[in-house]
Protein chains: 2
Amino acid sequence: MRTHHSPRNGDAAASSPSPRRPLGPDLSPRPQFQSTLSAQKLRRLNYLALLLRLASFCFSLASAIFMATDYRGASSPRWYDFDAFRYVFAANAIVTLYSLFELAVSVWDISRSATLFPEVLQVWFDFGHDQVFAYMLLSAGSAGTELAKTLKGSEACKEETAFCLQADIAVALGFAGFLFIGFSCLLSGFRVACFIIRGSRSHL
Amino acid sequence: MRTHHSPRNGDAAASSPSPRRPLGPDLSPRPQFQSTLSAQKLRRLNYLALLLRLASFCFSLASAIFMATDYRGASSPRWYDFDAFRYVFAANAIVTLYSLFELAVSVWDISRSATLFPEVLQVWFDFGHDQVFAYMLLSAGSAGTELAKTLKGSEACKEETAFCLQADIAVALGFAGFLFIGFSCLLSGFRVACFIIRGSRSHL
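Because the structure is a prediction, the values reported are computed rather than measured.

J.: Hey, could you run me through the state of the cysteines in this one?
T.: When the sulfur atoms of two cysteines share a covalent bond, that bond is a disulfide. Throughout the structure, instances matching the rule amount to 2 disulfides over all chains. One disulfide bridge connects Cys157(A) with Cys164(A), the sulfur atoms lying 1.7 Å from each other. Between Cys157(A) and Cys164(A) the disulfide shows an S-S torsion of about -80 degrees. By sign, it is left-handed. Each member of the pair, Cys157(A) as well as Cys164(A), is classed as buried. Cys194(A) takes part in no disulfide bond, and the closest cysteine sulfur to it belongs to Cys194(B), at a distance of 9.6 Å. Free of any disulfide, Cys185(B) has its nearest neighbouring cysteine sulfur in Cys185(A), separated by 8.2 Å.

Structure (structure tokens):
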């Protein structure tokens, strides 16, 4: 499905030898070498976006797995007895699924030089979700940290089970996931701004 | 102090009858009525930014005051005995000072149609700080919420002192402050993107 707004803009427009744009004020002719340069830059930016998605997927998945397996038998506390740990697991699981979807979107973007949804929908979808999920992951991480701190020294944190250590690792991995989705958010925010100003997700 | 990059762009460029821009690809002549329209829109955007700063200043200040006065004598717990409450207070105090400074910057921007620092510095300064402080406020709020939840039912939360109630209110006010600095962040992020794409903090 291609955008109805300005079909195949971005990569395709930049690599085309006649870069006439349907929207945006830039009507001056551009030399061929500049188009090639722009296309190269755009490709690098797309690969960077893919890399960030991959990193946030890996860290969120690892965090969710570490939290979900933090269980040491009936006599030990379980992670789902604590609200904040449930929040950490839920937030990371959601971000894992979202990052997987966005990975597919990025691969589609790179391979076909077009967005999966119509461009206007895609840029706002990406940015809105990145922003909300970045905040959600940070909030979950902070709540998880506070709970882990409170539990230190309590009966739940006996050394032989390492229940608290595993919870700490899950929270730390969640923070790493937040870092990468935060950078993705900056990138998708820039694309939204490009779309508003120039009618295309790429300013190049 | 004016910007050395493109002096008096933004408001001044939009309201000027000969809107020749030193940077950016837009070389087509613009009619007078469009300039007036753009200037009006830009003024509204500046007032919106001012309003958001004012709101984040008020809520952060209220949150910091509520937390700092959460003290009921020697027999009762004190807010600074708890790490998360100290974090809430510190984050809100920092955002209060920052919002006060940004209020002055906004008033300067509206009254003189120019940025306080050179434009390139100003847009990055605003966006960077908005982003970091929004994350900080959310993180503090989440940690504070988790601690307040843990304290419920404990000795510290006796009804007659309302220590926990006041802490809850301080945390809630901090969340409200986060909401407004979050919106400010969107606006300043958009200005950064405008600056990167068109060489001016305004796309109008």
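J.: Teacher, can you tell me more about the environment of Phe59(B) here?
T.: Residues and elements named next belong to chain B. Note on placement: Phe59 falls in helix H2 (residues 32-68). Along the backbone, Phe59 and Gly73 are 14 residues apart, and their C-alpha atoms lie at a distance of 26 Å. Those residues within four positions of Phe59 in sequence are excluded, and the remaining contacts are Leu173, Ala176, Gly177 and Phe180.

J.: I tried to follow the UniProt feature "transmembrane region" (unreviewed entry) in chain A on my own but got confused; where do I start?
T.: Residues and elements named next belong to chain A. Listed under "transmembrane region" (unreviewed entry) in the UniProt record, and renumbered for this structure, are residues 47-66, 87-108 and 169-197. The distance separating the terminal C-alpha atoms of residues 87-108 is 32 Å; by composition the span is 100% helix and 0% strand. Annotated as 100% helix and 0% strand, the span residues 169-197 places its first and last C-alpha atoms 42 Å apart.

J.: Explain the interface of chain B and chain A here, please?
T.: On the side of chain A, 26 residues touch chain B, which itself brings 26 residues to the contact. Applying the counting rule to chain B against chain A returns 2 salt bridges. The partner of Lys149(B) in a salt bridge is Asp83(A), and the shortest N-O contact between them spans 3.1 Å. Among the elements of the structure, helix H3 (83-112), helix H4 (119-151) and helix H5 (163-198) of chain B are those that each provide at least two residues to the side of chain B that touches chain A. It is H4(B) that provides the largest number of residues to the side of chain B that touches chain A, a total of 12 residues. Its residues placed into classes, the side of chain B that touches chain A shows 15 nonpolar, 6 polar and 5 charged.

J.: Any chance you could explain the pattern of salt bridges here in plain terms?
T.: Between side chains of opposite charge, a pair can form when the charged atoms approach closely. Enumeration over the complete set of coordinates arrives at 18 salt bridges over all chains. We note a salt bridge from Asp130(B) to Arg53(B), for which the minimum N-O separation is 2.9 Å. Residue Asp130(B) is located in helix H4, and its partner Arg53(B) is located in helix H2; the two are separated by 77 residues in the primary sequence. Judged on exposure class, the residue Asp130(B) and its partner Arg53(B) are both buried. Salt bridges here are not isolated pairs; linked through shared partners, they connect Arg53(A), Glu102(A) and Asp130(A).

Scoring rules and cut-offs
- Residues numbered from 1 in each chain as written.
- Chains lettered and ligands numbered in written order.
- Predicted model: local features only at pLDDT ≥ 70, side-chain atom pairs only at ≥ 80, totals over all residues.
- Heavy atoms only, no water.
- Disulfide = S-S within 2.5 Å.
- Buried < 20%, exposed > 50% of the residue type's maximum accessible area, 1.4 Å probe, protein only.
- Helix = DSSP H or I, 4+ residues; strand = E, 2+ residues; numbered from the N terminus.
- Contact = heavy atoms within 4.5 Å.
- UniProt positions renumbered as here; feature names shortened; annotations may be inferred.
- Salt bridge = Lys/Arg side-chain N within 4 Å of Asp/Glu carboxyl O.
- Nonpolar A, V, L, I, M, F, W, Y, C, P; charged D, E, K, R; others polar.

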